[in-house]
Amino acid sequence: MLNYLTLILGCQLVGELTTQALQAPVPGPVVGMVLLFTFLMARGSVPNDLASVGDTLLRYLSLMFVPAGVGVMLHFKLLGDDWLPIAVALLISTILTIIVTAWVMVWLTRADPPAVGPEAGSHPKDGAA
Amino acid sequence: MGELRDVWVYLSATPLLHLTLTLAAFQFGSWVYSRGKMNPTLNPVLLAVVLIVAVLLVTGTRYDAYFEGAQFVHFLLGPATVALAIPLYRQFERVRRSALAVLVSILAGSTTAMLSAVGIGYVLSGSSDTLIALAPKSVTAPVAMGIAEQLGGLPSLTAVLVLITGITGAVLGPYVLTLIGVKDWAARGLAMGTASHGIGTARALQVSEIAGAFSGLAMGLNALATAILLPLLWGFFF
């Protein structure tokens with residue numbers, strides 16, 4: 001178990017070092033994700049212990065955004081000054097982005113013979129994702 | 001009373017207090033969320049943030065004092081992002097089958113996110129700091145902050161808008177997708193990850209591993225696309 005936690009941290013560390021060295025416009029952890037993915041491809045399966053470490057981390061992914069989210073308290077003034085353009089732009093743009101991305105994907109994969117249906121391999125809860 | 005004060009001073013100087021506050025607030029948020037039959041508007045992140053901000057304001061605690069404790073939770077974001085490789089690997093066969101469609105959808109979404117956010121902000125006469133912070137709002141926070149800095153904006157304001165965008169997408173996304181009749185988990189995941197990065201991905205993962213894998217992929221690729229395209233588009237318009 002500990003060896004796979006070390007592997008995950010190692011991937012992140014190499015990712016951070018790479019992006020620093022290359023001044024790359026992606027964050028270190030994203031490069032780390034690519035490295036771990038490459039490891040899994042090379043190995044051909046997900047080791048059980050790695051799966052349990054990874055799934056545990058991902059189960060609490062939402063929790064990890066809380067400390068940064070609390071940072072909103074530092075910007076009450078700036079947000080207050082420009083609240084209308086910020087609120088309208090965030091709301092409309094986020095909804096628009098969701099619609100455009102989903103529709104383009106649905107439209108482009110519609111003709112594929114093995115139709116990717118909602119029933120496969122998942123458990124719909126109130127139709128939400 | 002003096003003793004109680006001493007205890008308080010001691011506690012607020014250790015990471016324990018604010019670490020516990022963060023976990024307790026999130027547990028409370030999750031409890032409300034499950035009691036409310038997982039209604040997306042009762043988002044646990046949103047509830048926890050509101051509760052913690054209220055506690056900090058009432059007790060007169062500064063954000064950096066809070067972050068001393070909360071940083072341990074914050075730190076886990078990095079390893080969790082790396083771990084997104086696991087659902088991606090499990091779903092890779094699906095992703096590979098529709099690789100071109102995935103790329104085109106993410107690019108379309110990425111461009112929509114940048115142009116619509118800046119366009120609306122501009123029409124409603126937002127300040128230039130606001131416009132720069134709005135432009136990369138759908139991108140994961142560390143990248144968005146880097147882009148904002150490169151364009152001469154405020155990274156910290158950008159981080160806040162990124163988080164609000166994430167919560168907005170996580171809360172409204174499922175309704176919007178159901179409303180427009182998109183049932184395919186791959187398309188739903190891509191949309192959540194492109195529009196609202198890690199927070200959208202966390203939401204997608206709770207419902208379907210397929211959606212989670214596509215969402216994590218979309219988060220990574222949208223970060224890359226925006227980092228490359230936004231400075232070019234910005235130079236073109238401004």
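Residues numbered from 1 in each chain as written. Chains lettered and ligands numbered in written order. Predicted model: local features only at pLDDT ≥ 70, side-chain atom pairs only at ≥ 80, totals over all residues. Heavy atoms only, no water.

Peer 1: For this particular structure, what's the right way to read the environment of Phe37 of chain A?
Peer 2: Mapped onto the secondary structure, Phe37 of chain A falls in helix H2 (residues 28-43). Residue Phe37 of chain A is classed as buried on the basis of its relative accessible area, which comes to 14%. In the structure, Phe37 of chain A is positioned 26 residues away from Cys11 of chain A in sequence and 9.9 Å away in space, judged by C-alpha atoms. Filtering out sequence-adjacent residues up to four positions away, Phe37 of chain A remains in contact with Ala85, Leu88, Tyr89 and Phe92 of chain B. (Helix = DSSP H or I, 4+ residues; strand = E, 2+ residues; numbered from the N terminus. Buried < 20%, exposed > 50% of the residue type's maximum accessible area, 1.4 Å probe, protein only. Contact = heavy atoms within 4.5 Å.)

Peer 1: What exactly am I supposed to notice about a nonpolar patch on the surface here?
Peer 2: Residues and elements named next belong to chain B. Where nonpolar side chains cluster on the molecular surface, the patch consists of Leu115, Tyr122, Val123, Phe236, Phe237 and Phe238 and spans about 750 Å² of accessible area. Of all elements in the fold, only helix H8 (99-123) and helix H13 (209-237) reach the threshold of two or more residues within the nonpolar patch. Mapped onto the fold, Phe236 is located in helix H13. (Patch = residues over 30% accessible without salt bridge, like charges linked within 9 Å, V, L, I, M, F, W, Y side chains within 5 Å. Areas by Shrake-Rupley, 256 points an atom, 1.4 Å probe, with all protein chains shown as cover. Salt bridge = Lys/Arg side-chain N within 4 Å of Asp/Glu carboxyl O.)

Peer 1: I keep staring at the interface of chain A and chain B and nothing clicks. Help me out?
Peer 2: Bring the parts together and some accessible area is lost; that lost area is often taken as the interface size. Listed by partner, the interface residues are 80 residues for chain A and 105 residues for chain B. Taken together, the two surfaces of chain A and chain B that pack against each other cover about 8,200 Å², and 81% of this comes from carbon and sulfur. Connecting chain A to chain B are 1 salt bridge. Taken together, chain A and chain B are joined by 12 residue pairs in polar contact (both at pLDDT 80 or more). Taken together, the elements giving at least two residues each to the side of chain A that touches chain B come down to helix H1 (2-22), H2, helix H3 (48-59), helix H4 (66-70), helix H5 (76-81) and helix H6 (83-109) of chain A. For the side of chain A that touches chain B, the element with the highest residue contribution is H6 of chain A, accounting for 24 residues. Considered class by class, the residues forming the side of chain A that touches chain B number 57 nonpolar, 18 polar and 5 charged. (Buried area = accessible area lost by both parts, 1.4 Å probe. Polar contact = N/O pair within 3.5 Å; in protein donor to acceptor, adjacent residues only side chain to side chain. Nonpolar A, V, L, I, M, F, W, Y, C, P; charged D, E, K, R; others polar.)

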